[in-house]
Amino acid sequence: ILAVSGGMDSSILCYLLKEIGQPFGIAHCNFQLRGDASDGDEVFVRKMAETLEVPFFLERFETYKLAIQQKKSIQVIARDLRYEWLENVRKTQNFQQLATAHHLNDSVETVLFNLTKGCGIQGLHGILPIFGNLIRPLLFITKNEIRNFVQTHKIAFRTDDSNESDKYTRN
């Protein structure tokens, strides 16, 4: 099962899996944090699944409400909700693995972020390519290489404006 936001990274992974004939399904989380943009992502990913003729799974979360109730940050609650639901889909739908579209820049960013938090030695390895049933097949490629591939192959994707905001520590 592939976690798909509709962004450039997950869209390219869908394209690549389809190209090599690897069976997969698409799972999309709508965290309902960006109004019409979140709903637009959902519609885009649903249409992508239809076009690629792969199974589609959707979950809508009341992320903001849950973050307040559990006294956690939006990023933490969204990550927890996402991985818990994705693992449930993987198990109940009999998928062998869960794949995310993290790339090399994400891994470097993770190391830098961990360093600023004073992590131990374990925080220096970045994002692991395999962690249990979770795989990250794009860790070898940079964001620029993804961008070039998407442009060359005219792969459609959505842009999340929150990735440019300094509201979130990850940015």
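Structural data are supplied above this passage.
Report on the accompanying structure. What you see is a predicted model, and the numbers here were worked out from it, not measured in a lab.

1. Things to note about the environment of isoleucine 135
Mapped onto the fold, isoleucine 135 is located in strand S6 (residues 134-135). Sequence separation between isoleucine 135 and alanine 99 is 36 residues; the distance between their C-alpha atoms is 4.8 Å. Leaving out residues up to four positions away in the same chain, isoleucine 135 has contacts with Gln97, Leu98, Ala99, Thr100, Pro129 and Ile130.

2. A look at the pairing of strand S3 (residues 56-60)
Where strand S2 (residues 26-30) meets S3, 5 bridges bridge the pair, whose relative direction is parallel. Opposite cysteine 29, over in S3, you have glutamate 59 as the bridge partner.

3. Examining the nonpolar core
In this structure, Leu2, Val4, Leu13, Cys14, Phe24, Ile26 and Leu52 are the most contacted members of the largest nonpolar core, which totals 22 residues. The set of elements that each furnish at least two residues to this core consists of helix H1 (8-19), helix H2 (36-52) and helix H6 (143-153). Not counting chain neighbours up to four residues away, the residues in contact with leucine 13 comprise Leu2, Ala99, Thr100, Ala101, Pro137 and Leu138. Core analysis: the next-biggest nonpolar cluster, separate from the first, contains 18 residues, Ala27, Ala78, Phe95 and Leu134 among them.

4. As for a nonpolar patch on the surface
Residues Leu33, Tyr64 and Ile68 make up a contiguous nonpolar surface patch of roughly 320 Å² in combined accessible area. Along the polypeptide, isoleucine 68 turns up in helix H3 (residues 63-70). Given the relative accessible area of 51%, isoleucine 68 is considered exposed.

How each quantity is defined
- Per chain, the residues get numbers from 1 upward, laid out in the order the sequence is written.
- Local features in this predicted model are restricted to residues of pLDDT 70 or higher, and side-chain atom pairs are both shown and tallied only at a pLDDT of 80 or more, whereas totals for entire chains, interfaces and linings draw on every residue.
- Hydrogens and water molecules were not included; the side-chain quantities draw on all heavy atoms of the structure.
- Secondary structure follows DSSP: runs of H or I at least 4 residues long count as helices, runs of E at least 2 residues long count as strands, and numbering of each begins at the N terminus.
- In what follows, a contact means two residues having at least one pair of non-hydrogen atoms within 4.5 Å.
- Pairing between strands is defined by DSSP: at least two bridges between the two strands are required.
- Throughout this description, the term nonpolar core refers to a set of buried Ala, Val, Leu, Ile, Met, Phe, Trp, Tyr and Cys residues connected via side-chain atoms within 4.5 Å.
- The classification of residues rests on relative accessible area computed with a 1.4 Å probe and restricted to protein chains. Under 20% of the type maximum is buried, over 50% is exposed, and intermediate values are partly exposed.
- Patches in this entry comprise residues that are over 30% relatively accessible and not in a salt bridge; like charges within 9 Å are linked, as are nonpolar side chains (Val, Leu, Ile, Met, Phe, Trp, Tyr) within 5 Å.
- Computed with a 1.4 Å probe, the accessible areas rest on the Shrake-Rupley method; for each residue, only the protein chains presented here act as cover.
- In the sections that follow, a salt bridge refers to a side-chain nitrogen of Lys or Arg positioned within 4 Å of a carboxyl oxygen of Asp or Glu.

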